[in-house]
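Close look at the chain arrangement
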Amino acid sequence: MRRFPAFDPPEYVEWKADPAVVRAFRATIEQNPERAKIVAALSTDDKLELYAGLLRARLHDIQLKRWVRTGVISKAWLGTGEEATTVGPVHALERGADIVAPMIRNAAACCEFGMPIADMLRAYLATADSPSAGRDLHVGSFPHGVLQPISHVGDMVPVITGIALTFKMKRERRVALTWVGDGSTKTAAAHEGTNFAAVQKVPAIFILQNNQVALGTRVDQHHVPADFTDWPASYGIWGGGCDGNNVLDAYAATALAAERCRRGEGPAMLVAATFRMGGHATHDEREARETFPADLFKQWGKRDPIGLYEEYLKEEGRTEAELARVEARVTAAVERAAEEALASRARMPPGESAVTGVYGNGR
Ligand SMILES: Cc1ncc(C[n+]2csc(CCOP(=O)(O)OP(=O)(O)O)c2C)c(N)n1
Ligand SMILES: [Mg+2]
C-alpha cells in the first residue's frame, strides 16, 4: 500500500519485505492443519476482502491522524500495527447475527460489520448526526451488531458474557465476541466476566489482545508469566494463541472458536500476539517510543500486518494491479467518508441536548 511518511511509524515508511518474516507468515498458517483447512477454503474474493478490511482500518486511522495534525480534532486512539487482530476475527463471524464489542483500538470492527466509515469519523467530530449525537467518541452501532465501547476497560467482558448467555438461553446459534487488552485482563470485571462465561459455557469469544503495553506500562511490568499462554486454561476455557499480525491466522482461529460456540461447546479465548506501533493515543507517541527498545519497534515493524499480507497475496498469484484496485476503492471510500463527516460539522448539537435522549422516549 501507499505509505505515509507524515503519519506512519518510521518502520513502515520504507517498508520492504524480509523474506524470512514472509516465510514465517505462511508457515504460521500451514503448520496448523485445522486452521490451514479454513484458510484453504477462502475464495480469492474473500482474501481480497480481508485485504480491503486491513486497508480500511489503516486508512481510517491515518485520516484521524491527519485531522489531529491539522487541528480538526485534538487526539485519536489508533490501532496501527494491530489491524489484523480486529479484521481477522470480525470476518470470521456472521454479519447480521453475531455481536461484537470492540475496544477503542478495535474501531475497525464497526466498518467490518457494515457501519458507514462516515459515521465512525462523525463520532470524533461530535456532530449532531454522529452515532451518539455528539456525546462520545467511543463508536458502535447496535443495528450493525457492534456495541459502543464502555470507556472502563474490562467492562465489555461481562456485557458480552451476558449477551452470549442470552443466546444460549434462547437456543440461538449466535456468537458474541470482545477484545481484552493485556492490561485489561487485570480488571475485576474481566475476571468475573470470563469466569462466568466459563462456568455457564456461553458462546462467547475473548480475543486477548496482547500488544505488550497498557497505556505507558509494559507487559513485563504488569504481568508475571512471560506471556498469556496459560490464561485460557487457568479459566478452564478452550483456546490458544494466534498471530495478531497475521490476518489469516486470526481469521481461522476465530472461525474455529465460533464453530465450537455454535455447537454449544462453550467459550473460547484466543491470545493474539501483536505490538502497538504508535502511542496509547496520538498525544504520547514520543513517550511510547521510549517505552521499549528501538530494536523491538524494528522487529515488529517488519511484521506490518498489511505489508506481510500483500506479500502472501502476491505469492498466491494476485497481481500488483489487483491489489492497487482494492486500495484505490478503499482510499476513495475513506476520503469520501471524511468529506461527508466534515460536512456534518454544520450540524453541531446544542449544549442542552446533552440532557435529552438519556432515557427512553427521547427524554
Ligand atoms: C477500569 C479502567 N481503568 C483505567 C482506565 C484508563 N485506561 C484506558 S486504556 C488503558 C490501558 C489499557 O491497556 P490494554 O488493556 O493493554 O489495552 P491497549 O490500550 O493496549 O489496547 C487504561 C489504563 C480505564 N479506561 N478503565
Ligand atoms: Mg495493551
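Here is a short report on the structure shown in this document. Quick caveat, the model's predicted, so the values are computed rather than measured.

Here we take up the coordination of the magnesium ion (ligand 2). Any two of four tetrahedral donors ideally make an angle of 109.5 degrees at the metal, while pairs among six octahedral donors ideally make 90 or 180 degrees. Taken together, Asp182 (OD), Asn211 (OD1) and Val213 (O) make up the protein donors of the magnesium ion (ligand 2), found 2.0 to 2.2 Å from the metal. Between consecutive donors of the magnesium ion (ligand 2), the numbers of intervening residues give the motif D-x28-N-x1-V. The same class applies to Asn211 and to Val213, which are both buried.

The environment of ligand 1 is formed by 13 residues, the closest being Arg105, Gly183, Ser184, Asn211 and Val213. Within the backbone of Val153, an N or O atom sits 3.1 Å from a nitrogen atom of ligand 1. Here an oxygen atom of ligand 1 and a side-chain polar atom of Asn211 are 2.8 Å apart. Considered on its own, ligand 1 offers 580 Å² of accessible surface; in the complex 68% of this is hidden by protein. Because more than half of its atoms lie within 2 Å of the grid, ligand 1 is assigned to the largest pocket.

The next subject is the layout of surface pockets. In this model, the largest pocket occupies a volume close to 450 Å³. What lines the largest pocket is a set of 23 residues, among which Ile104, Arg105, Val153, Ser184 and His280 lie closest to the centre. Listing elements by their share of the lining of the largest pocket, those giving two or more residues are strand S2 (176-181) and strand S4 (213-214). Sorting elements by how many residues they give to the lining of the largest pocket places S2 first, with 3 residues. Per-class residue counts for the lining of the largest pocket are 10 nonpolar, 9 polar and 4 charged. Reported here for the second largest pocket is a volume of approximately 210 Å³. Looking at the second largest pocket, it is lined by 14 residues, and the ones nearest its centre are Gln63, Arg66, Thr331, Val334 and Glu335. By residue class, the composition of the lining of the second largest pocket is 7 nonpolar, 2 polar and 5 charged.

Counting residues in hydrophobic clusters, the biggest one holds 89 residues, and the most contacted among them are Tyr51, Ile205, Leu248 and Tyr309. Dropping the residues within four chain positions of it, Ile205 is found in contact with Leu93, Val175, Ala176, Leu177, Thr178, Thr254, Ala257, Ala258, Cys261, Ala268 and Leu270. Among the nonpolar cores identified, the runner-up in size contains 26 residues, and Ile163, Ala164, Phe167 and Met269 belong to it.

This part takes up the packing of helix H2 (residues 19-30) against helix H15 (residues 305-315). At a closest axis distance of 10 Å, the pairing of H2 and H15 adopts a crossing angle of 75 degrees. Judged by the inter-axis angle, H2 sits roughly perpendicular to H15. In contact with Val21, Val22, Phe25, Arg26 and Ile29 of H2, H15 contributes Leu308, Tyr309, Glu311, Tyr312 and Glu315.

In terms of burial, helix H7 (residues 117-125) is largely enclosed, as 8 of its 9 residues are buried. For H7, every residue scored as buried is listed here: Ile117, Ala118, Met120, Leu121, Arg122, Ala123, Tyr124 and Leu125. Where H7 is buried, its residues contact helix H4 (44-69), helix H6 (108-112) and helix H16 (320-343).

Rules behind the numbers
Residues numbered from 1 in each chain as written. Chains lettered and ligands numbered in written order. Predicted model: local features only at pLDDT ≥ 70, side-chain atom pairs only at ≥ 80, totals over all residues. Heavy atoms only, no water. Donors = N, O, S within 2.8 Å, 3.2 Å for Na, K, Ca; no water. Buried < 20%, exposed > 50% of the residue type's maximum accessible area, 1.4 Å probe, protein only. Near = heavy atom within 4 Å. Polar contact = N/O pair within 3.5 Å; in protein donor to acceptor, adjacent residues only side chain to side chain. Areas by Shrake-Rupley, 256 points an atom, 1.4 Å probe, with all protein chains shown as cover. 1 Å grid on protein atoms, 1.4 Å probe; cavity = no way out; pocket = protein on both sides within 12 Å on 5 of 7 lines; lining within 4 Å. Sits in = over half its atoms within 2 Å of the grid points. Points joined across faces, edges and corners; volume = space filled by probe spheres on them. Helix = DSSP H or I, 4+ residues; strand = E, 2+ residues; numbered from the N terminus. Nonpolar A, V, L, I, M, F, W, Y, C, P; charged D, E, K, R; others polar. Core = buried A, V, L, I, M, F, W, Y, C linked by side-chain atoms within 4.5 Å. Contact = heavy atoms within 4.5 Å. Axes fitted to C-alpha atoms, helices over the stretch in contact; angles between N-to-C directions. Parallel < 35°, antiparallel > 145°, perpendicular 65-115°, else oblique.

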